[in-house]
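An overview of the molecular structure
The primary structure of each chain is shown beneath.
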Amino acid sequence: MTLRSEFEDRAAEDMARYLLDIGALTPAWADAFRAVPRSLFLPDLFWAYDMATGRSVPVVRSEAPADWARAAYEDIPVVTRWDDGQHVGTAPGSRGTSSASMPSVVASMLRDLDVGDGTRVLEVGTGTGWNAGLLAHRLGNGNVVSVEIDPAVAASASAALTRAGLGPRLVEGDGREGWPIGAPYDRVIVTAGVRSFPAKWLEQTRPGGIILAPWGTHYSNQDALVRLTVGEDGRGVGSFLRMVEFMKLRDQRLDWNRFVEHVKEFPGDADASRTSRTLADLGDRYETPYFVLGLCVPDCAHVVNAGDSGEEGDAKAWFFDFLSQSWAAVVFSPGAPDATVYQSGPRRLWDEVEQALTWWISQGRPAVDRFGLTVDRDGTTRLWLDTPAGVLPLFA
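The present account deals with the structure reproduced in this document.

About the criteria used
Residues numbered from 1 in each chain as written. Predicted model: local features only at pLDDT ≥ 70, side-chain atom pairs only at ≥ 80, totals over all residues. Heavy atoms only, no water. Helix = DSSP H or I, 4+ residues; strand = E, 2+ residues; numbered from the N terminus. Buried < 20%, exposed > 50% of the residue type's maximum accessible area, 1.4 Å probe, protein only. Polar contact = N/O pair within 3.5 Å; in protein donor to acceptor, adjacent residues only side chain to side chain. Contact = heavy atoms within 4.5 Å. Salt bridge = Lys/Arg side-chain N within 4 Å of Asp/Glu carboxyl O. Core = buried A, V, L, I, M, F, W, Y, C linked by side-chain atoms within 4.5 Å. Expected span 1.5 Å × (residues − 1).

1. Observations concerning the side chain of Thr128
Take Thr128: it is sitting in the loop between strand E5 (121-124) and helix H5 (130-139). Taking the relative accessible area as the measure of exposure, Thr128 reaches 11% and is therefore buried. Reaching out from Thr128, the side chain makes a polar contact with the backbone nitrogen of Trp130 at a distance of 3.3 Å. Beyond its immediate stretch of four places on either side in the chain, Thr128 contacts Phe41, Leu42, Thr80, Ser99, Ala100, Ala157 and Ala160.

2. Observations regarding the pattern of salt bridges
Under the defined criterion, the tally for this structure stands at 26 salt bridges. Asp84 is the salt-bridge partner of Arg250, the closest N and O atoms lying 3.3 Å from each other. Placement of Arg250 in the loop between strand E11 (236-244) and strand E12 (271-275) and of Asp84 in the loop between strand E3 (78-82) and strand E4 (96-100) is noted, with a sequence separation of 166 residues between them. Residue Arg250 is classed as partly exposed on the basis of its relative accessible area of 35%.

3. Looking at the nonpolar core
Soluble globular proteins tend to bury their nonpolar side chains together. Core analysis: the largest hydrophobic core is formed by 55 residues, its most contacted members being Phe197, Trp215, Phe240, Phe319, Trp359, Phe371 and Leu373. The residues contacting Trp359, other than those within four sequence positions of it, are Val292, Cys296, Phe371, Leu385, Leu392, Pro393 and Phe395. Within the second largest apolar cluster, 48 residues are counted, among which are Phe33, Val59, Leu110 and Ala160.

4. Considering the environment of Val145
Along the chain, Val145 falls in strand E6 (residues 144-148). Overall, Val145 belongs to the buried group, its relative accessible area being 4%. The spatial distance from the C-alpha of Val145 to the C-alpha of Pro180 is 11 Å, given a sequence separation of 35 residues. If we skip the residues at most four places from it in the chain, Val145 touches Val121, Leu122, Glu123, Arg169, Val171, Trp179 and Tyr185.

5. Considering helix H9 (residues 349-362)
Under the 1.5 Å per step criterion, the end-to-end length of H9 is 20 Å for 14 residues, consistent within 8% with the ideal 20 Å. Looking at H9, one finds that the buried residues are Leu349, Trp350, Glu352, Val353, Ala356, Leu357, Trp359 and Trp360. Two residues or fewer after H9 comes Gly364, characterised by a positive phi angle close to 90°.

In structure tokens form, the structure reads like this:
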């Protein structure tokens, strides 16, 4: 086990105290956060997320050891790998594919996992190994299995866990398959964004067990943390807890190239109209309407481009259909009383979005924790409001 510096001891203690103060960390997990320092699991080069600018900033331990150490214990996410290992250099890559989540997110998810002595846990997505290390310290090495699809990431996590003196079972493989050899599990915790639930996770969770996962739609990159309880019938049922955002399971990432043929020219022969809705009405990251629109408008991807309409200050909200070449774009100009809507193809995507937004408002603008998910044994999902019987309307 690597000897820890006084700084690491002090930083780990300060982090635990901060997380306790904000309510993310429970006393039952405090010892693990003090004993398993985040810094042991971070590479010499990582990219710290600047919360003010939204940029990922490279931090190199050999060049700026104090900055590296400070960032290692800040309550920020850090990217540890870009583009599935194809990236080189210190500039950020195109797509972050492995990271260390914000300590407050890690702590709150472990709190929501609701473990006790002897609880057996399957983790999907080892990443740096820090979360697996915290679980192993609290529950014992023999009660924790962690699966990682990227061989290089798995090797780094294994080395970090060894340095920390911990040895949970690490499995190199596709997390969608779980690890049936160790089943059944009392808990499954997923540390990657999910767009469809693998049936294997339900199969490998005992009746009464819990699956905790970030789930969302391809409408946006946004996820909401859902806590499913698996019943005797093998179904998982549970409510969403809060908004989060995770890197997605490798085979469930959205490929934006699928939409390149949707708009051959803009606006082309698209139908034009006006709307009094504003860009703010659609919501932003971590806001409920942004998430709910994805629930109620299926097979639709959404993105906002600022300034791409050729007029300074304009923003354009795009909507693309997965099943046809239908698209919609709404141009929002500062100071204009209305926005211009363009729609093309058999699906009127903007009309569907407006209908979904109107429905959400008519229901009293319910927060995300009033929505829930039912996952059948075959992975089929059904969304609901307030109770599993309250099936959501779909506007399509």
